[in-house]
Amino acid sequence: MKTREQLEDLISQMTLQEKIDMVHGNELFATKAVERLGIPAFRSSDGPRGVRKEFEKDAWKDIGLTFDYTSYLPCNTALAATWNRELARSTGQILGKEARGRGKDMILAPGINIMRTPLCGRSFEYMGEDPYLAGELAVELVQGIEENDVSSCLKHFAVNNQETRRLDVDVEVSERALREIYFPAFEAAIKKGKAKGVMGAYNKLRGIHCCHNDYLLKQVLRDEWGFEGILVSDWGGVHSTKEAMENGLDMEMSVTSDFDEYYMAQPLKEAMEKGEYPMALLDEKIMHILTVMNQLHMLDGERKAGSYNDIEDKQALRRTAEESIVLLKNDDGILPLDAKKIKKLLVVGENANRRQAPGGGSAEIKALYEITPFLGLNMLLGGNTEITYLPGYYNMDVGNIWANTGVGDNGLADSIDAAATPNKKTTPEEKKALEEKMNAQYLVEVLEAAKTADAVIYIGGLTHDYDTEGQDRADMKLPYGQDKLISELLAVRPDTVVALLVGSPVDMTAWLDKASTICLHWYAGMEGGYALAEALFGKINPSGHLPETFPLHEEDCPAVVLGEYPGGDKVHYGEDIFVGYRYYDTYEVKTAFPFGYGLSYTDFVMSGLEAERTTSNGVKVIFHISNVGDRAGADVAQIYVSDKFPKVKKAIKELKAFEKVYLEVGETKEITVELDEKAFAYYDEEQKCFRVEPGTYSILLAKSAEEVVDVVDIEIM
Ligand code: BGC
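In every chain, residue numbers begin from 1 and rise along the written sequence. Two thresholds apply to this predicted model, a pLDDT of at least 70 for residue-level local features and 80 or more for giving and counting side-chain atom pairs, whereas whole-chain, interface and lining totals are computed over all residues. Think of the side-chain values as coming from all heavy atoms in the structure, minus any hydrogens and water.

Structural notes on the nonpolar core
Among the nonpolar cores identified, the biggest contains 66 residues, and Phe-157 and Tyr-182 are the most heavily contacted of them. Ranked by residue count, the leading element in this core is helix H5 (residues 131-146), at six residues. In terms of domain composition, this core takes at least three residues from each of domain 1 (316-564) and domain 2 (604-716). Residue contacts follow a heavy-atom distance rule, with two residues in contact if any of their heavy atoms lie within 4.5 Å. Contact partners of Phe-157, with chain neighbours within four places excluded, come to Phe-183, Phe-186, Val-198, Met-199, Gly-200, Ala-201, Cys-210, Leu-216, Leu-217, Val-220, Leu-221 and Trp-225. We define the nonpolar core as a collection of buried residues of types Ala, Val, Leu, Ile, Met, Phe, Trp, Tyr and Cys that are connected through side-chain atoms lying within 4.5 Å of one another. Accessible area is worked out with a 1.4 Å probe on protein chains only. A residue is then buried under 20% of its type maximum, exposed over 50%, and partly exposed in between. We count a stretch as a helix when DSSP gives it H or I for four or more residues in a row; a strand needs E for two or more, and each element gets its number in order from the N terminus. Note that domain bounds follow an automatic or database assignment of domains.

Quick notes on empty space enclosed by the protein
Put plainly, a pocket is an open set of points on a 1 Å grid over the protein atoms alone with protein on both sides within 12 Å along at least five of seven lines, a cavity is a set where a 1.4 Å probe fits but cannot get out, and a lining residue has an atom within 4 Å of a point. Grid points are joined across faces, edges and corners, and a volume is the space filled by probe spheres set on the points. Per the stated rule, a full pass over the model turns up eight cavities of 30 Å³ or more. Lining the largest cavity are 16 residues, and of these Val-641, Asp-643, Lys-650, Glu-654 and Ala-681 lie nearest its centre. Mapped by element, the contributors of at least two residues to the lining of the largest cavity are helix H6 (175-182), strand E22 (633-643), strand E23 (654-663) and strand E25 (681-684). Counting residues per element, the lining of the largest cavity draws most heavily on E22, at three residues. Each residue gets one label: Ala, Val, Leu, Ile, Met, Phe, Trp, Tyr, Cys and Pro are nonpolar, Asp, Glu, Lys and Arg are charged, and the others, such as Gly, are polar. In the lining of the largest cavity, the residues fall into eight nonpolar, one polar and seven charged.

Some words on the site of the ligand
Being near a molecule or strand, for a residue, means having at least one of its heavy atoms within 4 Å of it. As a structural note, the neighbourhood of the ligand is formed by 15 residues, with Asp-46, Arg-122, His-156, Asp-234 and Glu-469 the closest of them. As used in this structure description, the phrase polar contact means that two N or O atoms lie within 3.5 Å; if the pair is within protein, one of them must be able to donate a hydrogen and the other to accept it, and residues adjacent in sequence are counted only when both atoms belong to side chains. One of the side-chain N or O atoms of His-156 is found 2.7 Å from an oxygen atom in the ligand. Contacts to the ligand include Glu-469, whose side-chain N or O atom sits 2.7 Å from an oxygen atom. Calculation of accessible area relied on Shrake-Rupley with a 1.4 Å probe; when residues are assessed, cover is drawn exclusively from the protein chains displayed. Here the ligand loses 100% of its free accessible area of 310 Å² to cover by the protein chains. In terms of residue class, the shell around the ligand is built from six nonpolar, two polar and seven charged.

Description of the layout of surface pockets
There is about 850 Å³ of room inside the largest pocket. Lining the largest pocket are 31 residues; nearest its centre among them are Tyr-132, Pro-184, Ala-188, Asp-676 and Lys-678. At the level of elements, H5, H6, helix H7 (184-191), E23, strand E24 (668-675) and E25 are the ones that each hand at least two residues to the lining of the largest pocket. Here the residues of the lining of the largest pocket sort into 15 nonpolar, three polar and 13 charged.

Set out below in structure tokens:
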């Protein structure tokens with residue numbers, strides 16, 4: 001490793017052009033090397049659910065070779081649904097190793113924006129609605145990635161909570177909501193995780209684009225949080241040389257190939273030559289980039305090698321997929337299914353047979369393989385069961401809105417306006433008519449086959465035509481006429497197992513009361529379909545819990561009721577701190593399934609909650625958890641804190657600790673978690689700092705935001 005003095009010496013030897021070359025893209029995913037001084041190009045790739053395929057250097061054109069088939073990792077929402085720090089770390093380790101194996105220096109991951117509205121197209125890339133959960137897992141992910149001499153890149157800083165007008169929507173949000181809801185995951189990943197990279201968001205905050213927002217980048221990120229890594233723009237997120245130069249950005253990346261025209265290319269060089277900015281300002285950016293390169297051993301030949309598609313990593317990816325599955329309903333004990341009793345299995349729903357990896361926008365993956373649910377069921381049942389697959393509904397989408405635009409892989413450049421052009425070839429009316437016609441035919445087949453099957457599994461949900469970059473969903477309904485199909489199927493086969501594959505919440509009210517058995521599954525990576533089959537047939541015991549509330553309807557969502565969504569040029573976050581369960585809980589709004597919720601095939605009892613003060617404002621919380629059912633399994637114990645007599649508005653409770661606990665049949669464990677001062681603090685806008693209000697606080701032991709099992713009160717000074 002070089003010393004700081006050596007890096008300064010290196011900078012002193014650089015010409016202006018060489019410095020300029022380092023602060024902007026000279027390829028779509030790389031800067032230019034300064035070969036003369038042994039400084040390599042800085043190469044990045046998307047992120048977050050694996051390392052993206054290769055493009056031409058200057059065009060969004062698939063290179064089309066075979067060397068970039070890679071692991072497809074569970075999406076971040078799936079990871080968040082595991083509530084498992086260890087799995088976040090192993091996922092990060094695999095991502096980092098593969099990024100390095102593919103010759104990258106920075107993986108553009110993880111995505112850690114908070115889910116403000118269920119309709120946000122990129123929810124699947126993020127970690128749900130709670131800043132504590134997202135922060136805890138992001139720290140592990142980042143550390144896992146960076147163990148491999150590869151930089152992570154937290155994105156998108158900040159308040160990139162919708163895709164509608166994502167490039168310029170101006171977010172108005174209170175300082176308190178920023179500090180309590182939208183910042184903490186970034187802050188944790190930087191301060192505790194030591195993330196080396198951050199990506200600015202496309203949108204504006206308080207009138208200024210986030211990629212050159214003095215408040216966000218200089219005041220908060222650099223000065224308050226002490227971030228010394230690389231601040232990179234989102235691709236095309238820079239709009240001014242002056243603001244980018246003066247407000248903290250280090251590296252401009254974009255979607256076009258006129259690299260010299262980038263704001264931080266020739267225009268910056270000319271401005272420097274005219275003396276518009278001090279050289280020290282440019283040197284500071286170079287120092288950030290060189291510091292990260294140095295930490296990644298890019299300058300000393302000591303760098304770790306990576307690898308990808310390692311056979312042993314498949315097991316870890318499978319485990320994450322398994323633990324992400326959330327059992328929502330099992331009223332009649334239909335699950336797990338008994339393979340021995342099922343000779344004829346009917347699988348209905350196009351998601352059973354669909355590969356999801358190639359869609360979603362920049363999170364697309366050229367997967368080495370992907371086990372679909374249908375494949376997984378066949379693999380698991382192994383020849384003794386006759387499995388019939390029927391699509392059930394007609395889906396003419398190709399799984400990627402960008403591909404539909406007719407511009408092939410030029411998705412990113414096109415993403416600037418892709419949202420407006422979901423499908424140029426077929427009109428929505430034609431599409432609807434075709435869908436209705438095909439669905440009617442499919443329904444007849446399904447109802448007929450359902451009569452004679454020993455069991456029926458429905459596998460539907462969303463696709464990346466809905467969970468996607470560049471576009472929000474129009475509503476929370478299931479697409480392709482699925483509500484009708486599910487209702488009709490349940491009418492003839494009330495024992496149908498409904499499995500939904502989603503990246504964000506859907507409205508199930510059309511059939512929710514009629515379905516006894518519902519299982520949730522995400523874009524869960526290359527092993528995802530096998531994991532689902534294992535859960536349905538009891539080879540594993542589901543242990544996922546929701547990282548986000550599933551509201552009954554989108555109209556119930558706080559962004560709609562109290563705030564604005566999607567807004568116009570501006571969007572006002574009127575719901576303030578009442579995001580997700582903080583709203584549903586405090587305002588007593590009924591939900592379909594609450595934050596933190598998830599069932600198991602066994603039963604757990606949590607009891608014996610005790611809390612004692614350790615230091616003036618630290619608290620040690622102890623409780624017991626027992627497996628009283630007849631299978632081994634895991635539950636997520638959630639600790640919420642509630643201010644009993646708040647003097648300022650507060651959510652009725654907030655998640656402050658959690659522990660995923662594995663228990664054999666009959667086993668009991670004593671669990672201890674520590675809460676520090678932060679667990680009791682709120683952001684005081686007048687004092688401009690976090691403050692603890694002295695008084696009585698309740699510590700709640702819960703199985704979800706709506707199922708509190710024990711409470712103790714404690715005095716905080
Ligand atoms: C996305 C980023 C992504 C970048 C590069 C942008 O459109 O918002 O998340 O990392 O493109 O592909």
